[in-house]
Structure formats: structure tokens, C-alpha cells
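A look at the structure
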Amino acid sequence: MLTPGVTPTTFELPRFEALLGPDRTAELHAAAAVIREALDGRTLWHVNSTGKGGGVAEMLHTLLPLYAELGVRVRWMVIGGDERFFALTKRLGLGLYGIDTGDGPLRAAERDAYLDGLGPAGDRLLELVEAGDVVVLHDHQTAGLVPRLAGQSVEVYWRCHVGVDEPTEASERAWELIAPLLDGAHRLLFSVPWHIPERFRDRPASVLPPFISPFSPKNRELEPESVTAALIRCGLRRAGGNGGPPVTVIAETAPGPDEKLLTQVSRWDRLKDMEGVLAAVTEFVPEGFLALVGPDPAGIADDIEQAMVFDRCHEAWRRLPPGRRRRVALVCLPMTDPGENALLVNAIQRASQVVMQKSLAEGFGLTVTEAMWKSRPVVAAGVGGIRAQIDHGRTGLLVGDPHDLGGFGALVTSVAGGGADAELMGARARDRVRRDFLPDQDVIRMARLLRAR
Ligand code: UDP
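A few points on the structure. Nothing here was measured: the structure is a model prediction, and the numbers come from that model.

Take the overall build of the protein chain next. In terms of regular secondary structure, the protein chain is built from 19 helices and 13 strands. Expected size for 453 residues packed as a compact globule is a radius of gyration near 22 Å; at 22 Å, the protein chain falls within 12% of this value. Reported as C-alpha extents along the three principal axes, the dimensions of the protein chain are approximately 65 × 55 × 40 Å. Approximately 18,100 Å² of the protein chain is accessible, and the part contributed by carbon and sulfur atoms is 50%. A distance of 2 Å separates the average location of the 51 positive side-chain charges in the protein chain from that of its 59 negative side-chain charges.

Glancing now at the site of the ligand. Every one of the 18 residues lining the ligand counts as a neighbour, but Gly55, Arg267, Lys272, Asn341 and Glu370 are closest to it. In the environment of the ligand, an oxygen atom lies 3.1 Å from a nitrogen or oxygen atom belonging to the backbone of Thr367. Summarising the interface, the protein chains cover 93% of the accessible area of the ligand, which totals 540 Å² for the free molecule. Mapped by element, the contributors of at least two residues to the shell around the ligand are α3 (55-69), β9 (289-295), α14 (338-351) and α15 (366-373). Of all the elements, α15 adds the most residues to the shell around the ligand, at three residues.

A few words now on the side chain of His140. For His140, the location among the structural elements is in helix α7 (residues 139-143). Here His140 is in contact with Thr89, Leu92, Gly93, Leu96, Tyr114, Trp158 and Ile178, once residues within four sequence places are set aside.

What follows covers the sheet that holds strand β4 (residues 155-160). Sheet architecture is open: six strands sit in the order β2-β1-β3-β4-β5-β6, paired in parallel fashion. The sheet is open, and its two borders are formed by β2 (74-78) and β6 (205-207), each paired with just one other strand. On average, each strand axis in the sheet is inclined to that of its neighbour by 20°, with strand direction left out of account. Bridge count for β4 against strand β5 (residues 187-190) is four bridges, and the pairing is parallel. Opposite Arg159, over in β5, you have Leu189 as the bridge partner.

Turning to the packing of aromatic side chains, a few remarks are in order. What the rule picks out here adds up to eight aromatic pairs. Seen from their ring centres, Trp268 and Phe310 are 4.9 Å apart, and the 75° between their planes marks the pair as edge-to-face. Within this pair, whereas Trp268 is found in the loop between β8 (261-265) and α11 (274-284), its partner Phe310 is found in helix α12 (residues 306-318), the two being separated by 42 residues in sequence. You can call Phe310 buried: its relative accessible area is 8%. Centroid distance Phe364 to Phe437: 5.4 Å. Interplanar angle 75°. Geometry classified as edge-to-face. Taken together, the positions of Phe364 in the loop between β11 (354-357) and α15 and Phe437 in the loop between α18 (422-436) and α19 (440-451) put the pair 73 residues apart, joining distant regions of the chain. Assessed through its relative accessible area of 8%, Phe364 is described here as buried. For Phe437, a relative accessible area of 4% translates into the label buried. Grouped by ring-pair contacts, the aromatic residues Trp158, Trp175, Phe190 and Phe200 constitute a single cluster. In this structure, Arg325 is placed above the aromatic ring of Trp317, and the distance from its NZ or CZ to the ring centre is 5.7 Å.

Right, let's get into the pairing of β2. Bridge analysis of strand β1 (residues 44-48) against β2 gives five bridges, and the strand direction is parallel. Counterpart to Val47 in the pairing with β2 is Met77. The handedness of the β1 to β2 crossover, carried by α3, is right-handed.

Turning our eyes to something else, we now look at the sheet that holds β8. Judged by pairing direction, the sheet is mixed, and its seven strands sit side by side in the order β7-β10-β9-β8-β11-β12-β13 without closing on themselves. Either end of the sheet is taken by a strand with one partner, and the two such strands are β7 (248-250) and β13 (397-399). Put simply, the sheet's adjacent strands are angled 20° from each other on average, direction ignored. Here β8 runs beside β9; their pairing, made up of five bridges, is parallel. Bridge pairing in β9 places Leu261 opposite Phe289.

Take Asp296: it is sitting in the loop between β9 and α12. A residue is classified by how much of its surface remains accessible, and Asp296, at 23% relative accessible area, is partly exposed. In this structure, the C-alpha to C-alpha distance between Asp296 and Arg267, residues 29 residues apart in sequence, is 9.2 Å. If near-sequence neighbours (up to four positions away) are discounted, Asp296 is found in contact with Thr248, Cys332, Leu333, Pro334 and Met335.

On to the pattern of salt bridges, then. When charged atoms on two side chains of opposite charge get close, those side chains can pair. Per the counting criterion, the structure on display carries 32 salt bridges. Ionic pairing is found between Glu252 and Arg325, a salt bridge with its closest N-O pair at 2.8 Å. Taken together, the positions of Glu252 in the loop between β7 and β8 and Arg325 in helix α13 (residues 322-325) put the pair 73 residues apart, joining distant regions of the chain. Here Arg325 falls in the buried class, since its relative accessible area comes to 17%. Members of the salt-bridge network, linked through shared partners, are Lys90, Arg267 and Asp269.

About the cut-offs
- Residues numbered from 1 in each chain as written.
- Predicted model: local features only at pLDDT ≥ 70, side-chain atom pairs only at ≥ 80, totals over all residues.
- Heavy atoms only, no water.
- Helix = DSSP H or I, 4+ residues; strand = E, 2+ residues; numbered from the N terminus.
- Rg over C-alpha atoms; globule rule 2.2 N^0.38 Å.
- Areas by Shrake-Rupley, 256 points an atom, 1.4 Å probe, with all protein chains shown as cover.
- Lys, Arg positive; Asp, Glu negative; His and termini not counted.
- Charge placed at Lys NZ, Arg CZ, Asp CG, Glu CD.
- Near = heavy atom within 4 Å.
- Polar contact = N/O pair within 3.5 Å; in protein donor to acceptor, adjacent residues only side chain to side chain.
- Contact = heavy atoms within 4.5 Å.
- Pairing = 2+ DSSP bridges.
- Axes fitted to C-alpha atoms, helices over the stretch in contact; angles between N-to-C directions.
- Phe/Tyr/Trp six-rings, centres within 6.5 Å; stacked < 30°, edge-to-face > 60°.
- Buried < 20%, exposed > 50% of the residue type's maximum accessible area, 1.4 Å probe, protein only.
- Lys NZ or Arg CZ within 6 Å of the ring centre and 35° of its normal.
- Right-handed = clockwise from strand over helix to strand, strands pointing away.
- Salt bridge = Lys/Arg side-chain N within 4 Å of Asp/Glu carboxyl O.

Written out as C-alpha cells, the structure is:
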């Protein structure tokens, strides 16, 4: 069913239905029936740039098995690419987030190289799709496939998971390259309304918020012993015996038994600002143990910057005064075993007294939703999709300016110190996820789009 190399997690539909209750379950099945009818035996395709790591892959690992269980024919294709291609798409992605990389505008030659880089994926897709299929292309990496699908009698949706709150010169330049490629898309999909660029105001565009899977290894309930064992494997709990943890950890020690765990889980991406979290917590949060948790940067093929950002965090960690360095761990999770990775993220989020997400820009932070589902109080930057995820003061806390380290640190301190009602905030956060950010909502919205054609 899926592209080789992509391992789906299963989706436990009966359990999900019990969580949804009868009315929502009926709505989900009605939506699936609409999609099946619209496809009339054809296939719903999802195409993105990676099978593991990052929010889009995470969602597809949920959505594909769910659709399959609902009787919808679905397939997932992951485009490959060489280093040059992913260097270009990284620049494009940062541009769409409003960041000027200082490399100047992407010129015609680079645009051609981007399209050339997509050549093999386009050829493969053309061999696979059939008339009547519906193809959802995810993010800027796949935008250049839209023209390749012209004349194939397939319906093309382009789903954008990134965005900028206020357009910048860099975001406009990135859109200038991407927007013309999207002319042939039947509909454009965005995570939040304020990420739909003005230039698309006359195009069919819809909002489709991202979601999490409640019972996947990343989010399911865990026994306390499993959490403890996972923390030991990540060097975040002291274990008896000799030898270090199997996961690569940069740390002098594990947190003490009464030390509160303050965590950010993110890719090592400059926009996640792990360095800023390190500075904010070590300077402005007097107590607690900081865990910066991300994928092992060795061997990440589709994102060339991660090793660099990790090295900068490592350097910042080394330069901390000893008393502060003792309170910080950089945890690199192995990405070779998706189940183990998910379990470790799950355990760390559950064990955290505060989960942070101090992104400088964000399409929609799945890590935020994951922590909210676990009833964790989240302190985040009020940027991008996070503003739609957290209602400040009710379901989490937001700092208005993501560069305000002191303000961010003060919020973390208040939650960690019991000053904010963390328990109530966490309970409300879980309810919010149950209502708005579970995958049935995605199926229901997709059915509406297909019915409205
Ligand atoms: N993630 C993970 N292991 C890591 C770091 C992140 O599994 O070491 C997951 C995280 O749990 C979340 C996704 O990657 O499911 C990141 O999604 P998000 O929307 O927060 O950010 P993105 O990476 O898509 O920008």
C-alpha cells in the first residue's frame, strides 16, 4: 500500500470510535463514504519529501492507516532528492517562513535545478497515477510536481504546512518562485487562515488544521514503568549500574529525583530556536532541568541544516558556566527505529512538568498538540499556527515576542513553580485537542472539499 521505506503505524479505529462517541463516529463514516464515492474506485495520493521526522510525515503515518481502515484507497509517495535539491528546498522553506538566508533571491538557474531535482519523482508519479485519482502534494518540496500532473485528469490539491504571520521580502520572493507552479492545482490548503497569502485571494483555498493520532506510539497512554525505562535510555533518569544510555546524550548528569523536567522536542532547525530555549532557561529560570530533544542529526538526508544547528547548541552548552551546564541535556533520538523514537518522545513529554515550544515561526506545531493531549502545560511563542492551538491563559501560555527570553523564562518559571494553574490548563488543553485536533476532522473536511467540487 505504501511506498517502500515508509512504515505505517496502525490505526486503532474501534478504539478511536469509542473516544469519539456515536455522533462523531457516524459523521466520520459518512465522510469516508463521501470520499469513496468521489474517488469511485480511484486512489487518494499523498506526496511529501520524507517518511520520517517532522510533522508532515507524522500526520501521514496517522492518516494513511486511518483511510485504509475506512475503506478508502490511499497511497503515499515520498520524493527523493539529492543534497543540492534539499539545500534549495531548505532555502525555499525558510523563505516561506519569512527568513532571509542571505543567499539572495533564488535565480532562474536555481529554479531549474529545483525542477530538475523533482524530475525522477515526477516521472515515477506519472507512471503511478491514473485518471480520476486525487493527489495531495505537501509543501514547497512538491510544488514543482503540480505542472507535471497537468493533463493527467487527476485532481491536485497542494497542502501548505508553513507560513508567515506578516509577509517579508524573503517570503514574497519564495512565493514568486512557487506560486506560478501552483496554477494547475485545483485547491490550495493551509493550516491557519492567516497563512493564506494575499496573492491567492481569488484562488480556491481552504483551511485544514493538522492533527495527532491519540493512540499512536507517540501519544498513547504509558505505564509509569515504561516512562521510567525510556527516561533512563535517554539519560534523563539515573539508573543503577554502569554504562551510559544507549541514546546519544550531551549532559553531565541526569536530573535529580525532585528536579522538574522542562522540555522542548524539535527538529534541530533554526526556527525552533533550541539555542534560544537554552539561553532563556539557563538565564531566567532558576530551577528545573532542561532537556532539548531532537533527532540524531547524523544521517538526516532531507534537511542539511540540522547538524549545524545541533553543533551550535552543543557549543552553547559547552560554554555554559558549570552550575548551569549541569542542568541541561541535549538528547539525540535515533531515527532508525520509528517506534522507539515515538515511545521516547511520548515518555519525555509525559514526564515533563513544562513542555516548551519557543519557535520563531511555525506552520502549526504538532509537538504542542502532542503535549496538550498529554495534559501538559505548554509554554510557547505566540507565532504562526501556535496562536490557533493555544488559547493564552486557558490551554497554555504564550509569549507575544518569541525573542523575549526574559518573558518566556518568566512564564516557564511560573508554571514550573506552581504559580500558574498547570493542572487545570493541562486538562483544558487535552479537551481542546479532543475537540479540534484529532484526525476525524481531517477526513470530514476532505469529504466536504470533494463534495463541493
Ligand atoms: N519529532 C520526533 N523526534 C524528534 C523531534 C521531533 O519524533 O526527535 C516529531 C515530533 O514529536 C512531532 C514532529 O516530529 O510529531 C514535529 O512536528 P512539528 O509540527 O512540531 O514541527 P515540524 O518538524 O513539522 O516543523
